[in-house]
Amino acid sequence: MIAVKDFLAKKIKNLGIKNVPVFQGGAIMHVIDSIGQLKGLKYHVPYHEQSMAMSVDAYARIKGIGVGCVTSGPGGTNLITGVCCSYYDSVPCLFITGQVGQFHIKKSSKMRQRGFQETDMVSLFSSITKFAYQVKSPNEIGYIFDKAIYLAKNGRPGPVLIDLPYNIQISKIDENKIKKFIPPRNILNSKKKKSDYQKIKLLLELIKNNQKIVFIAGGGVRIANTQKKFLSLVKKTNIPFVTSWSSQDITPYNNDLYFGSIGRHGHQSANNIIEKSNLIVTFGFRFAPKAINENFKKNKKISVVSIDIDQKELSEALVKPDIKINLDLKEFFKHLKKIKIKKKQNAQWLEYCKVQKKTKYINNLKSLSNGINPYKFFNIFSQKIESESIVITDAGANLCWCMESFNITKKQRLISAWGNSPMGYSIAAGIGARYAVQNSKKQIFSLIGDGSFMINVQDLQFLKHHDLNLKIIVFDNQGLGNTKLGSEAVFKGRAHANNKKFGWYPPNIKDITKSFKIKYFNLNHNNEILKSIDQFIKYKTNAVLHVNVSSNVGVIDHSDKKLQSIFKF
């Protein structure tokens, strides 16, 4: 016989997780004790459940699955923002919430609360997880755990939640007699299989008969782990491609057939190519408002073919595809292996694309008289860091600056919470990334704004006590820069709740950093960028680089066709 809590700790270890974040509380303490007692499984203790969820999210983006344990009530509710990050970006995570004993659980939804810190987690999380379940019996724990992990990883991935009552945690079970989960067999309907095959043949016919073709790689390309297959298809067909932000790190920026990321704050080269094309093929790409500009598919002569695992992304998208292929990208590329594909003779179209990249890929690299030009900073920064670095960016202006001017090399990762984009993500995610990598020499950078820096500032307390060699870069424009710009444009120069003039007071980055005994670096002048980056990177443990950016530096809107690049390929 074994206690459920001990059984659960073993199941977590068997996932290959070496170090699990836990946040203590009365309703989860038995599970945490079992984790602490199990040889070969370590834990670490963050200072807020919100940042813990974000660190689990980043861990899973790198390792394939992440797990976190918290207590009932506020412990669980604090997870919500981080769980949303995983749900919208299809990241497989398991969150285990402790719950009051079954005797204390309310019997009716009309009753507000019966037990102390009792909260109905299943109702709260059902809309932002693939599976949320409160365990009813000790003997179903193995079945529910395995089912949750299966659902998190298969189909369109995403987070799952197991709510575990106190009395069940301490109950004993016979491992040989508990209910087992048997994964369903993936049997494709023969009619659908034939239909998919016909649609793929039709797609190849369209590729054969059109000249101005462009592929869009969405986040689904990486989620399905098909980036190599996608890039092989690009090379085989000689067709230019662009990316969304979430797939921008699947290729080096100087790939001859890559022409930037699309969207309002993407690369104008990519937007121009989309508008001039006559056939667009999307791979795991969601037609999100930020990822398409306002002219997308206004040209009725453009045909759009979309391949996506999620039927709803095809049927309810902002842009209606002409051909919808509802397939897992892994299955799509399996189909393609059976079909002979010819290289396109499209020299004229490629020449147009190359001119766009040469003149409109990156902008605004000129030095400013007041403060650091963040576009210039990112351009230099991307040249100086190692080829296998992990760069995690936050929300707002620093995210836009990074995505527009950071140049990916072959094995770098560029991570953010793309769909939810909460302030305060990147430092928590940097902690999760470090535990996922478990290599103190691999460079990990967390990029954040002065506003976001305060959201999960308690993470600095964690770094004070753990030598993770996490490098934090704070872009300080003395305000909530992205929304300030929008507010000023809409409200005749007013920017309520965005800066000091209107009630939002910027933090003192230097004093806060030093109060946590973390090494502080400061950057004020454009001619010191290279030197500062070198010193910052060479420092052997946690450090903060404070980049002072003028409050007037905007975010480039790449729907403006007048923008010209001074960055030459």
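Everything that follows concerns the structure shown earlier in this document.
Residues numbered from 1 in each chain as written. Predicted model: local features only at pLDDT ≥ 70, side-chain atom pairs only at ≥ 80, totals over all residues. Heavy atoms only, no water.

Q: I tried to follow the sheet that holds strand 10 (residues 241–243) on my own but got confused; where do I start?
A: Backbone-to-backbone hydrogen bonds pair the strands of a sheet. The strands run either parallel or antiparallel. Overall, parallel pairing links the six strands, which are arranged 11-10-9-12-13-14 in an open sheet. Two strands bound the open sheet, and with one partner strand each, they are strand 11 (258–261) and strand 14 (323–326). Taking the axes of each pair of neighbouring strands and ignoring which way they run, one obtains an average angle of 20 degrees across the sheet. In terms of strand pairing, strand 9 (residues 213–217) meets strand 12 (residues 279–283) through five bridges, oriented parallel. Its bridge partner lying in strand 12, alanine 217 is registered against phenylalanine 283. (Pairing = 2+ DSSP bridges. Helix = DSSP H or I, 4+ residues; strand = E, 2+ residues; numbered from the N terminus. Axes fitted to C-alpha atoms, helices over the stretch in contact; angles between N-to-C directions.)

Q: It is not clear to me how the pattern of salt bridges should be interpreted in this structure. Could you clarify?
A: Charged atoms that come close allow side chains of opposite charge to pair. The full count for this structure, using the stated rule, is 15 salt bridges. In this structure, the salt-bridge partner of arginine 413 is aspartate 249, at a minimum N-O distance of 3.0 Å. Of this pair, arginine 413 sits in strand 16 (residues 413–415) while aspartate 249 is found in the loop between strand 10 and strand 11, placing the two residues 164 residues apart along the sequence. Comparing arginine 413 with aspartate 249, the two get one shared label, buried. The partner of lysine 442 in a salt bridge is glutamate 388, with the nearest N and O atoms 3.7 Å apart. One end of the pair, lysine 442, is in the loop between helix 18 (425–437) and strand 17 (444–449); the other, glutamate 388, is in the loop between helix 16 (374–384) and strand 15 (390–393), with 54 residues separating them in the sequence. For lysine 442, a relative accessible area of 21% gives the class partly exposed. Here the salt bridges share partners, and the residues they tie into one network are Asp57, Arg61 and Asp89. (Salt bridge = Lys/Arg side-chain N within 4 Å of Asp/Glu carboxyl O. Buried < 20%, exposed > 50% of the residue type's maximum accessible area, 1.4 Å probe, protein only.)

Q: Got a minute to help me understand unusual backbone geometry in this structure?
A: Most peptide bonds take the trans configuration, and most residues that are not glycine carry a negative phi. The phi dihedral of asparagine 469 is positive, around 55 degrees, even though this residue is not glycine. Take asparagine 469: it is sitting in the loop between helix 20 (459–465) and strand 18 (470–476).

Q: I'm lost on the nonpolar core in this one. Help?
A: In a soluble, globular protein the nonpolar side chains are often hidden away together inside. One finds Ile35, Leu94, Tyr425, Leu463 and Ile472 to be the most contacted residues of the largest nonpolar core, which totals 68 residues. No other element matches the nine residues that helix 18 contributes to this core. In this view, isoleucine 472 contacts Ile427, Ser446, Ile448, Leu460, Leu463, Phe536, Ala543, Val544 and Leu545; residues no more than four positions away in its chain are not counted. Counting residues in hydrophobic clusters, the runner-up holds 35 residues, among them Val391, Phe475, Ala543 and Val547. (Core = buried A, V, L, I, M, F, W, Y, C linked by side-chain atoms within 4.5 Å. Contact = heavy atoms within 4.5 Å.)

Q: Hey, could you run me through the sheet that holds strand 18 in this one?
A: Spatial ordering of the open sheet is given by 16-15-17-18-20-19, a layout of six strands whose pairing is parallel. Sheet topology places strand 16 and strand 19 (519–523) at the edges, where each strand pairs with a single neighbour. For this sheet, the mean inter-axis angle between neighbouring strands, taken without regard to orientation, is 20 degrees. Bridge analysis of strand 17 against strand 18 gives six bridges, and the strand direction is parallel. Paired with phenylalanine 445 across the bridge in strand 18 is lysine 471. Contacting strand 15, strand 17, strand 18, strand 19 and strand 20 (543–548), helix 16 crosses the sheet at an angle of about 165 degrees to strand 18.

Q: Explain the packing of helix 3 (residues 49–63) against helix 18 to me, please; I cannot follow it from the model alone.
A: The axes of two packed helices give the description: the angle between them and the distance between them. Relative to each other, helix 3 and helix 18 sit at 45 degrees, their axes nearing to 7 Å. For the element pair helix 3 / helix 18, the angle class is oblique. When the axes of helix 3 and helix 18 are compared, the crossing they make is right-handed. Residue-level contacts link Ser51, Met54, Ser55, Asp57, Ala58, Tyr59, Arg61, Ile62 and Lys63 of helix 3 to Tyr425, Ala428, Ala429, Gly432, Ala433, Tyr435 and Ala436 of helix 18. (Parallel < 35°, antiparallel > 145°, perpendicular 65-115°, else oblique. Left-handed = near helix turned anticlockwise from the far one by under 90°.)

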